[in-house]
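# Results of the structural survey
Now for the letters of each chain:
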Amino acid sequence: MSLQDVRVGFVGCGRHATEVLLPAVHAAGMDLASVCDLDRRRAQRTNRRFGAFRPYQDLRKMIDEMDLDAVLVCGPPEMHSEAATVALERGCHVWVEMPAAPTADEADSIAQLAATRGLIAQPGLMMRFAPAYRRLRDIVTGEGFGRALAMSITWWPPLRDGHDDPLLFDAPHVLDLARFMLGEIEGVCALCAAPQRASLALSFASGATGTISFVAGAARSHESVFIAGTDSLASAEDRRDLAVRRRDTDEITLWRVDSATAEGHGSTDQLGYLLEIESFGRSVLGEEEPRATMEDAAAAMRLAERVAASEEVPSSP
Ligand SMILES: NC(=O)c1ccc[n+]([C@@H]2O[C@H](COP(=O)([O-])OP(=O)(O)OC[C@H]3O[C@@H](n4cnc5c(N)ncnc54)[C@H](O)[C@@H]3O)[C@@H](O)[C@H]2O)c1
């Protein structure tokens, strides 16, 4: 079996889907049977562009007629959990862009429904799949790093149209990244939080501490992760450049993730989108366990909810 044997339908043919996710589905070599969008012309255009068999405007009709293994969902955040529920109830595995549900509790409900049906519900936590972050995690958990003491993350993503609450919509990505690197987060407090920015302090179950600087809509996007261990320091910048400095030596080991692959995957590859779609496909085939789960999404969303509800949130934007 190969990814060509995974027959998928895609719901939501907007910007992120057509610029990033559908190219990843295509590059992964999955069998894209159909696409669906409320906007008929957009569905037709996307169907033609990505070589699917049939466009739809209604998800239920698409699933009933197309004999799909899996449905991928990327629409406005408020439709994600309903679409995921419809797909799971009709026997399809689902991949759902973040935020996978309006609340952490609803993400948990999707996880329970999927477990009851024996199906996969994977959220779009692309950072877990970015080659730079996978390598950084291997370094931090590998020999020679020692015990992780502290982590400092800067995440300044662009401000996206239609996102009126980046803290709830986007911050779960970076909170999940922190969990991915150093494990369970027990405490989170917002030193200063507003919908478009937050300075967070974290405490991990391991005893490590962390800080996150989150700003949506700064002049330029920027992303960095620095981790201090008892025997080494390691960092990744812009999901591309890694550096490791060992105790007692002046040497620095550097890597750069080469995003210009022969297949021309470009940043879809470097940022993690392609690898997450491929991994989802392999999970559908039963070849690997999902590497991002709805429980991960719910945990990150719950942390973001705690931050948003923080008493220190000022009223000004
Ligand atoms: N993970 C990331 O890096 C990342 C980046 C950008 C956007 N996003 C997420 O992707 C999602 C889409 O963002 P976008 O900028 O592409 O939005 P968009 O507005 O361009 O596209 C949304 C599409 O969904 C369609 N749609 C709405 N309701 C539908 C329904 N019930 N059935 C079928 N189609 C429906 C709309 O007609 C539209 O074409 C958002 O949830 C956003 O949070 C994630």
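Worth saying up front: this structure is predicted, and the values here are computed from it rather than measured.

## Quick notes on the overall build of the chain
A count of helices and strands for the chain gives 11 helices and 14 strands. Its C-alpha radius of gyration of 20 Å places the chain within 12% of the 20 Å reference for a compact globule of 317 residues. Dimensions of the chain, computed from the C-alpha atoms along their principal axes, are close to 60 × 45 × 40 Å. Surface accessibility of the chain: about 14500 Å² in total, with carbon and sulfur atoms responsible for 47%. Between the mean site of the 32 positive side-chain charges and the mean site of the 47 negative ones, the chain shows a separation of 4 Å.

## Remarks on the site of the ligand
Lining the immediate surroundings of the ligand are 22 residues, of which H16, D37, R42, G75 and Y273 lie closest. Taking H16, its main chain carries an N or O atom lying 2.7 Å from an oxygen atom of the ligand. Relative to its free-state accessible area of 860 Å², the ligand is covered by the protein chains to the extent of 79%. Going through the elements one at a time, α1 (15-28) and α4 (77-89) are the ones with two or more residues in the shell around the ligand. With three residues, the top contributor of residues to the shell around the ligand is α4. When we break the shell around the ligand down by domain, the ones giving at least three residues each are domain 1 (3-123) and domain 2 (127-258 + 294-308).

## Overview of the packing of aromatic side chains
Summed over the entire model, instances satisfying the criterion amount to one aromatic pair. Each ring, one from W155 and one from F214, has its centre 5.9 Å from the other, and the planes form 35°; the classification is tilted. You can see W155 sitting in strand β7 (residues 148-156) and its partner F214 sitting in strand β10 (residues 209-215), a full 59 residues away along the chain. Residue classification places F214 among the buried residues on the basis of a relative accessible area of 1%.

## Thoughts on a positive patch on the surface
A cluster of basic side chains, namely R40, R41, R42, R45 and R48, defines a positive patch on the protein surface. By secondary structure assignment, the location of R42 is in helix α2 (residues 40-50).

## Overview of the nonpolar core
Within the largest apolar cluster, 73 residues are counted, with the highest numbers of intra-cluster contacts made by F10, L136 and I227. Take this core: its biggest share by element is eight residues, from helix α8 (residues 171-182). Looking at this core, you find at least three residues from each of domain 1 (3-123) and domain 2 (127-258 + 294-308). Excluding its chain neighbours within four sequence positions, the residues that come into contact with L136 are M181, V225, I227, A234, S235, A236 and L242. Of all hydrophobic cores here, the second largest spans 37 residues; its members include Y56, V94, A114 and A297.

## What to know about the domain arrangement of the chain
Under the domain assignment used here, the chain contains domain 1 (3-123) and domain 2 (127-258 + 294-308). A C-alpha centroid distance of 28 Å is found between domain 1 and domain 2. Residue-level contacts link 19 residues of domain 1 with 12 residues of domain 2. Interface of domain 1 and domain 2: buried area, both sides summed, is about 1200 Å²; carbon and sulfur atoms make up 68% of it. Contact with domain 2 buries surface across domain 1, with M98, P99 and A104 losing the most and accounting together for 37% of the total. Seen at the junction of domain 1 and domain 2, the total is two salt bridges.

Conventions adopted
Along each chain, the written sequence defines residue order, and numbers are assigned to residues from 1. Note on the predicted model: pLDDT of at least 70 is required for a residue's local features to be given, and 80 or more for side-chain atom pairs to be given and counted; whole-chain, interface and lining totals, by contrast, use all residues. Here the side-chain values reflect all heavy atoms present in the structure, with hydrogen atoms and water set aside. The helix count covers DSSP runs of H or I at least four residues long, the strand count covers runs of E at least two residues long, and both are numbered beginning at the N terminus. Only the C-alpha atoms count toward the radius of gyration. The rule for a globule is 2.2 Å times the residue count to the power 0.38. Areas reported here follow the Shrake-Rupley algorithm with a probe of radius 1.4 Å; residue values treat only the protein chains shown as occluding. A positive count includes Lys and Arg, and a negative count includes Asp and Glu. His and the chain ends are not counted in either. Charge placement uses NZ in Lys and CZ in Arg. For Asp and Glu, CG and CD serve respectively. Here a residue counts as near a molecule or strand whenever at least one of its heavy atoms sits within 4 Å of it. Nitrogen and oxygen atoms within 3.5 Å of one another constitute a polar contact, given that in protein one can donate a hydrogen and the other can accept it, and given that sequence-neighbouring residues count only through two side-chain atoms. Domain delimitation follows an automatic or database domain assignment. Any two of the Phe, Tyr and Trp rings considered here, Trp counted by its six-membered ring, make a pair once their centres fall within 6.5 Å; the pair's planes then place it as stacked at under 30 degrees, edge-to-face at over 60, or tilted in between. The buried label applies to any residue whose accessible area, calculated with a 1.4 Å probe on protein chains only, is under 20% of its type's maximum; exposed applies above 50%, and partly exposed to all values in between. Any residue with relative accessible area above 30% and no salt bridge may belong to a patch, with like charges joined within 9 Å and the nonpolar Val, Leu, Ile, Met, Phe, Trp and Tyr side chains within 5 Å. When a carboxyl oxygen of Asp or Glu lies within 4 Å of a side-chain nitrogen of Lys or Arg, that pair is called a salt bridge. By convention a nonpolar core is built from buried Ala, Val, Leu, Ile, Met, Phe, Trp, Tyr and Cys residues, the set being connected through side-chain atoms within 4.5 Å. Throughout, a contact is declared for two residues whenever any of their heavy atoms are within 4.5 Å. For any pair of parts, buried area is found by adding up, for both, the accessible area (1.4 Å probe) each one loses once the two are put together.

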